[in-house]
Structures are given as C-alpha cells and as structure tokens.
Amino acid sequence: MKVVLQVLGAAAILIGLLWIGQGTGVVRWPASSFMIDQRPWAIRGLVLAIVGLILVWFSRRR
C-alpha cells in the first residue's frame, strides 16, 4: 500500500506541474493543447500537485 501511494502521489505531482506549466503558458507542449494559457488549468494543477504531496507525505508516515 505504501508503494502504491508513493507512485500515485508522484504521478499526481508531475501531472499537476505539467498542468500548472500549461495553464500559465510556460509549457507550450503539445502546441495544439487547449490548456495553454488557461488559468483554470493552472489552479487545477496546483490542487492536483498538493494532493500528490499529501499522498506522498501520508505514505511516508505509515
């Protein structure tokens, strides 16, 4: 269970960071993405990254 939480947490952090980058316009990959320069995606990415951090933190406490 510990490893599963760590993997899910790490994946959530990475995807969240990608969404933040695309939402703020820093990451313009893929060029045809509907998420580029869309602030709601940056906010969703921040929430997802925080959830990922919580999962990793929780898995290390067990």
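Coordinates for the structure precede this section.
What this report covers is the structure whose coordinates are included nearby. Along each chain, numbering runs from 1 in the same order as the chain's sequence is written. Per-residue local features are limited, in this predicted model, to residues with pLDDT of at least 70; the limit for side-chain atom pairs, both in listing and counting, is 80 or more; totals at the level of whole chains, interfaces and linings are taken over all residues. Side-chain descriptors were evaluated using all non-hydrogen atoms of the structure, hydrogens and water having been removed beforehand.

## Some points on the environment of tryptophan 57
Strands are runs of DSSP state E lasting at least 2 residues, helices are runs of H or I lasting at least 4, and numbering of each runs from the N terminus. One can find tryptophan 57 in helix H2 (residues 39-61). C-alpha separation for the pair tryptophan 57 and threonine 24, spaced 33 residues apart in sequence, amounts to 27 Å.

## Observations regarding the side chain of serine 59
Looking at where serine 59 falls in the secondary structure, it is placed in helix H2. The buried label applies to any residue whose accessible area, calculated with a 1.4 Å probe on protein chains only, is under 20% of its type's maximum; exposed applies above 50%, and partly exposed to all values in between. Given the relative accessible area of 0%, serine 59 is considered buried. Residues within four places of serine 59 in sequence aside, it is in contact with Lys2, Leu5 and Gln6. A contact between two residues is defined here by any heavy atoms of the two lying within 4.5 Å.

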